[in-house]
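Each chain, letter by letter, is given below.
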Amino acid sequence: MKTEKFNYDLPEHLIAQYPSELRTDSKLLVALESIKHEVFKDIGNYISKGDLLILNQTSVIPARLYGEKITGGKIEILLERFLSDHQTLTQVKSSRAPKPGTELMFSFQDKRFSATVVGRKDNFFILDWSTNPQALFQKYGQIPLPPYMHRAAEKLDEERYETIYADPNKQESVAAPTAGMHFDQELLNSLQQKGVEFGYVNLHVGAGTFKPVQTDNIEDHVIHKELVEVDARLIDQVKRAKASNSKIIAVGTTSVRAIETAFQDEPSAFKGETSLFIYPGYKFKVVDHMITNFHLPKSSLLMLVAAFIGYEKMMTIYKTAIEQEYRFLSYGDAMLLKYHEI
């Protein structure tokens with residue numbers, strides 16, 4: 001299938017630069033049988049007792065730092081992953097790509113730190129730090145807002161660019177699982193009182209999530225790898241939900257990718273990297289409903305949605321959302337979708 005089929009014209013003014021005033025104020029496009037326009041706070045009308053809601057508990061690292069090469073050129077780095085207590089895998093933005101051996105300098109108040117480029121892995125650089133990088137990013141890093149938000153991170157982003165159920169002990173993502181950001185505690189409490197089950201995965205979102213598919217054919221694309229944890233308890237919850245014909249609702253494409261990874265062969269707990277690329281033709285093994293935001297043109301996330309509901313229906317929904325001026329991308333509005341096997 002041609003990648004160009006997943007291109008569409010996204011008006012700049014529909015890319016949300018800030019979140020809605022309240023989390024549950026976002027609009028919700030419901031596409032189960034027909035298309036309905038709702039508000040996210042009313043999503044409980046579509047979730048029943050016994051349904052299983054799968055949430056990604058990962059937490060966002062303040063992953064962006066600014067510095068300079070030893071020669072004086074400005075750089076911006078975006079953390080992808082901690083490799084050890086002194087090495088990181090990072091993106092490095094500069095006028096020229098740094099070569100192995102290049103020293104990078106970072107100044108904060110009266111303190112200076114350095115990192116040396118020691119190698120490359122795919123499109124990332126391996127940096128060796130003069131101090132523990134985890135402590136450095138925690139103290140001096142900035143919230144890594146996506147590149148389509150044309151502003152610097154602000155105080156409000158520390159709270160809003162995160163889900164309320166994020167586990168601070170799982171702080172390894174460089175992007176938030178944004179579909180979950182529409183839930184507040186009151187909404188979660190009301191679902192719990194209704195008898196909805198919550199299940200949790202942990203998928204550490206990497207910067208590759210923003211990278212468009214650049215191959216002519218989507219089948220030739222090599223998708224970014226991300227770290228996933230799915231425990232045995234969730235496997236049991238899924239089996240019980242299926243046995244009782246309850247809905248299995250994944251909150252976000254990250255939750256979809258995590259739980260589908262664990263069910264690729266024999267259903268079992270999973271901890272490791274996933275390179276699962278879901279595009280049209282994929283048969284879903286677990287998820288039958290999905291809550292998700294509106295995604296970038298030519299993105300692997302858009303292809304996942306097309307696999308879930310069908311290409312034509314997806315394009316109709318996106319056309320409708322643009323006409324109705326839904327807000328797109330990370331701080332934008334949401335959809336509730338039902339799986340339709342093609």
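None of these values were measured; they are calculated from a predicted model.

Let us now look at the overall build of the protein chain. When its secondary structure is counted, the protein chain shows 7 helices and 17 strands. C-alpha atoms of the protein chain, sized along the principal axes, occupy 60 × 40 × 40 Å. The buried share of the protein chain, taken over its 342 residues, is 56%. Looking at the protein chain alone, contacts between residues at least 24 apart form 73% of all its contacts between residues at least 6 apart. When the accessible surface of the protein chain is split by element, carbon and sulfur atoms take 48% of a total near 15400 Å². The averaged location of the 44 negative side-chain charges in the protein chain is 2 Å from the averaged location of its 40 positive side-chain charges.

Turning next to the environment of asparagine 56. Residue position: asparagine 56 is located in strand β3 (residues 52–56). Residue class for asparagine 56 comes out buried when judged on its relative accessible area of 0%. Along the chain, asparagine 56 and lysine 99 lie 43 residues apart, while their C-alpha atoms are 36 Å from each other. In this structure, asparagine 56 is in contact with Thr163, Tyr165, Pro177, Val201, Asn202, Leu203, Val205, Thr254 and Ser255, ignoring residues within four places of it in sequence.

Below, the discussion takes up the sheet that holds strand β10 (residues 124–129). One closed barrel holds the 6 strands; their spatial order is β5-β6-β7-β10-β9-β8, and the pairing between them is antiparallel. Recorded for the sheet is a direction-independent mean angle of 45° between the axes of neighbouring strands. Summarising the sheet, strand β5 (residues 64–69) and strand β8 (residues 103–108) pair through 2 bridges and their orientation is antiparallel. Considered in β8, the bridge of lysine 69 is made with leucine 104.

Note on placement: arginine 64 falls in strand β5. In the structure, arginine 64 is positioned 12 residues away from glutamate 76 in sequence and 7.2 Å away in space, judged by C-alpha atoms. Not counting the four nearest positions on each side in its chain, arginine 64 is found in contact with Glu76, Ile77, Leu78, Gly141, Gln142, Ile143, Pro144 and Leu145. In terms of polar contacts, arginine 64 uses its side chain to reach the backbone carbonyl oxygen of leucine 145, at 3.2 Å.

Quick look at the sheet that holds β3 now. Taken together, 9 strands build an open sheet; the order of strands is β2-β1-β17-β16-β14-β3-β12-β13-β15 and the sheet is mixed. Two strands in the sheet have a free side with no partner beyond their single neighbour: β2 (35–39) and β15 (270–274). Sheet twist, expressed as the mean angle between neighbouring strand axes with direction ignored, is 25°. Relative to strand β14 (residues 248–251), β3 runs parallel, the two sharing 3 bridges. Paired with leucine 53 across the bridge in β14 is isoleucine 249. Against the sheet, helix α7 (residues 311–323) touches β1 (27–31), β2, β16 (289–293) and β17 (334–338), its axis set at about 150° to β1.

To continue, consider unusual backbone geometry. Even without being a glycine, asparagine 245 presents a positive backbone phi close to 60°. Within the secondary structure, asparagine 245 sits in the loop between α4 (232–243) and β14. Positive phi values are uncommon outside glycine, yet glutamate 325 reaches one of about 60°.

The next thing to look at is the pattern of salt bridges. Here the structure, examined in full by the defined rule, presents 12 salt bridges. Aspartate 157 is the partner of arginine 151 in a salt bridge, and the nearest nitrogen-oxygen pair spans 2.9 Å. The exposure class of arginine 151 is buried, given its relative accessible area of 16%. Given a relative accessible area of 0%, aspartate 157 falls into the buried group. A salt bridge links glutamate 226 to arginine 257, with the shortest nitrogen-to-oxygen separation between them at 2.6 Å. Taken together, the positions of glutamate 226 in strand β13 (residues 226–230) and arginine 257 in helix α5 (residues 253–262) put the pair 31 residues apart, joining distant regions of the chain.

On to the side chain of threonine 163, then. Mapped onto the elements, threonine 163 comes out in the loop between α2 (155–160) and β11 (171–173). For threonine 163, a relative accessible area of 4% gives the class buried. Side-chain polar atoms of threonine 163 contact the backbone nitrogen of alanine 166, separated by 3.2 Å. Once you skip the residues sitting within four places of it in the chain, threonine 163 turns out to touch Arg23, Asn56, Pro177, Gly180 and Met181.

What follows deals with the packing of aromatic side chains. Counted under the stated rule, the structure contains 20 aromatic pairs. Considering the side-chain rings of tyrosine 282 and phenylalanine 284, the 4.9 Å spacing of their centres and the 85° angle between planes classify their relative orientation as edge-to-face. In this structure tyrosine 282 comes out as buried when scored by relative accessible area, which is 12%. A residue is classified by how much of its surface remains accessible, and phenylalanine 284, at 10% relative accessible area, is buried. Taking the centre distance of 5.5 Å and the plane angle of 75° together, the rings of phenylalanine 294 and tyrosine 318 count as edge-to-face. Highlighted residues: phenylalanine 294 in the loop between β16 and α6 (300–309) and tyrosine 318 in helix α7, separated in sequence by 24 residues. On the basis of relative accessible area, phenylalanine 294 is assigned to the buried category, the value being 1%. Members of the aromatic cluster, connected to one another through ring pairs, are Tyr8, Phe294, Tyr318, Tyr326 and Phe328. Sitting over the face of the ring of tyrosine 311, lysine 5 holds its NZ or CZ atom 4.4 Å from the ring centroid. Lysine 27 extends its terminal NZ or CZ atom over the ring of tyrosine 326, reaching a point 4.3 Å from the ring centre.

Calculation notes
- Residues numbered from 1 in each chain as written.
- Predicted model: local features only at pLDDT ≥ 70, side-chain atom pairs only at ≥ 80, totals over all residues.
- Heavy atoms only, no water.
- Helix = DSSP H or I, 4+ residues; strand = E, 2+ residues; numbered from the N terminus.
- Buried < 20%, exposed > 50% of the residue type's maximum accessible area, 1.4 Å probe, protein only.
- Contact = heavy atoms within 4.5 Å.
- Areas by Shrake-Rupley, 256 points an atom, 1.4 Å probe, with all protein chains shown as cover.
- Lys, Arg positive; Asp, Glu negative; His and termini not counted.
- Charge placed at Lys NZ, Arg CZ, Asp CG, Glu CD.
- Pairing = 2+ DSSP bridges.
- Axes fitted to C-alpha atoms, helices over the stretch in contact; angles between N-to-C directions.
- Polar contact = N/O pair within 3.5 Å; in protein donor to acceptor, adjacent residues only side chain to side chain.
- Salt bridge = Lys/Arg side-chain N within 4 Å of Asp/Glu carboxyl O.
- Phe/Tyr/Trp six-rings, centres within 6.5 Å; stacked < 30°, edge-to-face > 60°.
- Lys NZ or Arg CZ within 6 Å of the ring centre and 35° of its normal.

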